[in-house]
Amino acid sequence: PLQNDVIPSETYEGVLPLNASTESAAGNANILAAQVNNIVQNIRGTGGQPGDNANDNYPQPQFNANQTTATFQHNDVLPVDGFADMNKTRYAWARAFPSLFIPVYAFNRSAGRMEWMIFHDITGWVATRDKSVDKIQWYEFMMWRSDGRPAGHPTFSLVLYNHKVKNYLQGQGHYLVNTSDFDPTTTINAIRTATDEDAVKKQTQKLLEKALVHSGNQPGTPAYMKSTYHEFCALIFFKQYIHHLDLDVFLTGSLAEFHEYYLRVLLAKYVAQLSPPPPNLDPQSILSNDDSFSLAVQTYKHIVTHYLASKEEIWSAFMYGPVYGLIGGALVNEFAKSRGAIHYHMVGQMRSPCLDEVAAALKEFSLEISNAMDDLHSFIEANYDRTVHGEQNPASCFSGESLKVREAFCNTTNGGDVAWKNYTDTVRTAQNICSKEVARALESHFGVHAMHTGNPPQDFLKPGGNALPASNYRGTEQEMQSSKDVRDRRELKQPKFRRETNLFERSANFCNHCGSHTCSGYCWKVTTRVRRFNEETDSDVPAAKRFTRMKGGVEQEFVKYEESDCRMHFGTKLLYDASGEGNLTGGKPRNVKGELVHDDNGLPKFNAIRNHPRILQETYGFNAYGANNDYQFMLKCKCGYELLEEFGVDWYENYANNLVAAGWIGLEHFNGNHITKRYLTSYQCKGNENSHDF
């Protein structure tokens, strides 16, 4: 974060009423109320001395002659004795870190002689500076200093970051008061001479109720999320290029608040210890009654959020680490009410034989693509004529249209059809081989699949595969389960030790409850598309969405229309669902074997074997978590350093360009790192309005 000057300072965007019913608000309110009440009592004392009700432990004011002004000693309000002011104390940083600010014997221009001088300390110099040094630039300079010593110091960066944040907080943190409904011009003398003690207390309480605290470091505010985003980027960048640890996995875990068995037990034990006991909650009813359990969840949210955080830590220690090889990462807890059920996101690094096997297969695939592209470029170079084909050589086009440009050239050149077929056949063959290797690794090590394990039709979900007839799925049948049927089975409410003799049925129920996708409003990604005008169906389309353009030498009319697609790739939005379940997509097509494809960003992506259109692709550890969770592998070709050392920079640049031209930009090691880092950290840190409830 210190090396990042994209955001020069943190802006304070969170506004919190001090009378809000939250733990953080209550803590601030207690502090402020104690200060305000004691100051009021001190002011109402006589002769400038504290009144009988004043608290001697709080700072006492000194009044002017007519007692209209109260003055506090600075050290009484904010003691600074024994501490250096790191903003003003001369050579404060050099004194604190002498090994980083070593005196140098150099020529002092202002004095005209050789002297011992300390460089780079913002708080001191041998002469008065012509202009003040910008703190943000100084932070950045120190972290990028050419000798690297400040960045490598074990504590300097921590102290500097603490200093930076403290300055922001002190400079921008404010209590504000809404002055409606009371007189903001009330003087100290009016408070001192007021005769109605009850009226003074009432007005003081009204003042506190109107107070607001502004906070920008409150999790969930845009300023906080921007700061966290750059912090994550810096951390991940460091691990990628210094420790050679790439982002390998994206984890998600949520909490089924109204199903967790052990959360029920914990809440019941917690309520049993409360004194006095809550009048509307009984510990035993929490265990046996869903309404009481729901009330406890809503009442004691701090227990619920701590439960999820603890579950994530336990899961990391006993599952993510030992089973999957997770060794570290960056974690975000999402407790905002508007973000759905509370959950967490983690991007992590792994050490796993599985991903080593995947990386080896991707390396061979990338080399085959590059070699095939070199052959295609040789054909283009031999047949390219600037006077015939235009100024730009198709072999030098590296954009989203790269393949189309090369194919168009081959289609209009003698022998081009053969060259193009050789290229596509080579890539397709290499892709099939790589798909087999990647499928074998992911399936054998982690059991990655999208298979419903229940017995059809009674264990399957409605709707079936009616909307995807080409996939030959089983259609919707009456015996299939509705969403109500799934809830009524109450599988998530049952601990595993009670279901040991019915694990096959439990697995199918888990698949229906947690492992299937139903599109909601969050899913829809609206895209504007174009189709040719049809007089029968488009006669009522407004003129603003109709236009003409030349196509094939003929002017034709077209229509703009919007289409909604599921951002989870479960299909285009349908008009209705005949099964009555409200699933407005067709789902994903059937896969009879695992295959390697690339996504819209050019990153390698594995599509597992699939027998149901709505089942999520997960690992064998999915059911053990006991709630909604996700484990997505970032497939990487981790051979960048190896290929650079073996073939050199010029060869590697051509290799990387070939992968860009082929549409597989994410296969190249460092491009893949960059894409995953930017996308996943921005997804983690997109932020939302913080929920007062949590």
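## Points about the overall build of the protein
Within the protein one finds 23 helices and 16 strands. Of all intrachain contacts in the protein linking residues separated by at least 6 positions in sequence, the fraction that spans at least 24 positions is 66%.

## Some points on the side chain of Asp 577
Mapping Asp 577 onto the fold places it in the loop between β13 (554-566) and β14 (595-598). In this structure the side chain of Asp 577 is engaged in a polar contact, spanning 2.8 Å, whose partner is the side chain of Ser 579. In contact with Asp 577, not counting residues within four places along its chain, are Pro 463, Gly 582, Asn 583 and Leu 584.

## Remarks on the nonpolar core
Ranked by size, the top nonpolar core spans 79 residues in total, and within it Leu 267, Met 350, Phe 365, Leu 442, Phe 633 and Leu 635 carry the most contacts. Here this core takes 13 residues from helix α14 (residues 353-383), the largest share from any one element. Leave out the neighbours within four places in its chain, and Leu 442 touches Cys 354, Val 358, Gly 447, Val 448, Phe 606, Phe 633 and Leu 635. Counting 18 residues, the second largest nonpolar core, distinct from the first, contains Tyr 91, Trp 93, Phe 101 and Tyr 139.

## Notes on the packing of aromatic side chains
With the rule as written, the count across this model stands at 31 aromatic pairs. Here the aromatic rings of Phe 101 and Phe 156 are separated by 6.4 Å at their centres, their planes lie at 65 degrees, and the arrangement is edge-to-face. Highlighted residues: Phe 101 in the loop between α3 (92-96) and β4 (104-108) and Phe 156 in helix α6 (residues 156-172), separated in sequence by 55 residues. Both residues of the pair, Phe 101 and Phe 156, count as buried. Centre to centre, the rings of Tyr 270 and Tyr 300 are 5.3 Å apart; their planes meet at 65 degrees, and the pair counts as edge-to-face. Remark: Tyr 300 occurs in the loop between α12 (290-299) and α13 (301-320) and Tyr 270 occurs in helix α10 (residues 261-273); sequence separation between them is 30 residues. Accessibility expressed as a relative area gives 28% for Tyr 270, which makes it partly exposed. Ring pairing ties together the aromatic residues Phe 237, Tyr 241, Tyr 641, Phe 647, Trp 651, Tyr 652, Tyr 655 and Phe 670, which thus form one cluster. A cation over a ring is seen here: Lys 588 above Phe 570, with NZ or CZ 4.8 Å from the ring centre.

## Here's the deal with a nonpolar patch on the surface
Among the surface-exposed residues, Tyr 105, Phe 107, Met 114 and Trp 116 lie close enough to one another that they form a single nonpolar patch of about 500 Å² accessible area. Among the secondary structure elements, those contributing two or more residues to the nonpolar patch are β4 and β5 (113-117). Examined against the element boundaries, Tyr 105 turns out to sit in strand β4.

## A closer look at the sheet that holds strand β12 (residues 546-551)
As summarised here, the arrangement of the 3 strands in space is β11-β13-β12, forming an open sheet in which the pairing is antiparallel. The open sheet terminates on both sides in strands that have one partner only, identified here as β11 (524-532) and β12. Along the sheet, successive strands turn relative to each other by an average axial angle of 40 degrees, direction set aside. Here 6 bridges tie β12 to β13, and the two strands are oriented antiparallel to one another. Considered in β13, the bridge of Arg 549 is made with Gln 556.

## Let's talk about the pattern of salt bridges
What the rule picks out here adds up to 24 salt bridges. With its nearest N and O atoms 2.9 Å apart, the salt bridge here joins Asp 147 to Arg 145. With a closest N to O distance of 3.0 Å, Glu 357 and Arg 440 form a salt bridge. In this pair, Glu 357 sits in helix α14 while Arg 440 sits in helix α17 (residues 416-446), placing the two residues 83 residues apart along the sequence. Overall, Arg 440 belongs to the partly exposed group, its relative accessible area being 41%. One network of salt bridges, in which partners are shared, links Arg 264, Asp 290, Arg 490 and Lys 493.

## Quick word on helix α16 (residues 402-411)
When α16 is considered as a whole, its buried residues turn out to be Ser 402, Arg 406, Phe 409 and Cys 410. End-on, the buried residues of α16 take up no more than an arc of 100 degrees, which puts them together on one face. More than 90 degrees from the buried face of α16, the exposed residues found are Lys 404 and Asn 411. Summarising the contacts, the buried residues of α16 are in contact with α14, α15 (386-389), α17 and α22 (649-661).

## With respect to the side chain of Glu 618
Relative to the assigned elements, Glu 618 resides in the loop between β15 (604-607) and α20 (622-625). The buried charged residue Glu 618 lacks any salt bridge partner; its closest oppositely charged side chain belongs to Arg 610, at an N-O distance of 9.0 Å. For Glu 618, the side chain forms a polar contact with the main-chain nitrogen of Tyr 631, separated by 3.4 Å. In contact with Glu 618, not counting residues within four places along its chain, are Gly 447, Val 448, His 449, Asn 629, Asp 630, Tyr 631 and Gln 632.

## Remarks on the pairing of strand β16 (residues 629-633)
Burial of the side chains of β16 is restricted to one face: Asn 629, Tyr 631 and Phe 633 are buried, whereas none of Asp 630 and Gln 632 on the reverse face is. The sheet contact formed by strand β8 (residues 249-254) and β16 spans 5 bridges and is antiparallel. Residue pairing across strands places Leu 251 opposite Tyr 631, the latter belonging to β16.

## Here's the deal with the packing of α16 against α17
Contact geometry for α16 and α17: axes closest at 8 Å, N-to-C directions at 145 degrees. Across the interface between the two elements, Leu 403, Arg 406, Glu 407 and Cys 410 of α16 pack against Gly 416, Asp 417, Trp 420 and Tyr 423 of α17.

## Examining the confidence of the model for the protein
Here the protein averages 83 in pLDDT, and 81% of its residues register 70 or above. Below pLDDT 50 for its whole length, residues 46-54 participates in 16 contacts with residues either more than four positions away or in separate chains. Per-residue pLDDT stays below 50 along residues 688-694; that stretch engages in 23 contacts with residues further than four places along the chain or on separate chains.

## A word on unusual backbone geometry
Here the bond from Pro 456 into Pro 457 is cis, since omega is -5 degrees, no more than 30 degrees from zero. The residue Pro 457 is located in the loop between α17 and α18 (483-488) in this model. The omega torsion across Lys 462 and Pro 463 is -10 degrees, close enough to zero to call that bond cis. Here Pro 463 lies in the loop between α17 and α18. Positive phi, normally seen in glycine, also occurs at Arg 490, with a value near 55 degrees. On the secondary structure map, Arg 490 appears in the loop between α18 and α19 (503-513). The backbone of His 569 shows a phi angle near 70 degrees, a positive value even though the residue is not glycine.

Definitions and cut-offs
Residues numbered from 1 in each chain as written. Predicted model: local features only at pLDDT ≥ 70, side-chain atom pairs only at ≥ 80, totals over all residues. Heavy atoms only, no water. Helix = DSSP H or I, 4+ residues; strand = E, 2+ residues; numbered from the N terminus. Contact = heavy atoms within 4.5 Å. Polar contact = N/O pair within 3.5 Å; in protein donor to acceptor, adjacent residues only side chain to side chain. Core = buried A, V, L, I, M, F, W, Y, C linked by side-chain atoms within 4.5 Å. Buried < 20%, exposed > 50% of the residue type's maximum accessible area, 1.4 Å probe, protein only. Phe/Tyr/Trp six-rings, centres within 6.5 Å; stacked < 30°, edge-to-face > 60°. Lys NZ or Arg CZ within 6 Å of the ring centre and 35° of its normal. Patch = residues over 30% accessible without salt bridge, like charges linked within 9 Å, V, L, I, M, F, W, Y side chains within 5 Å. Areas by Shrake-Rupley, 256 points an atom, 1.4 Å probe, with all protein chains shown as cover. Salt bridge = Lys/Arg side-chain N within 4 Å of Asp/Glu carboxyl O. Pairing = 2+ DSSP bridges. Axes fitted to C-alpha atoms, helices over the stretch in contact; angles between N-to-C directions. Arc of directions from axis to C-beta. Lys, Arg positive; Asp, Glu negative; His and termini not counted. pLDDT = per-residue confidence, 0-100.

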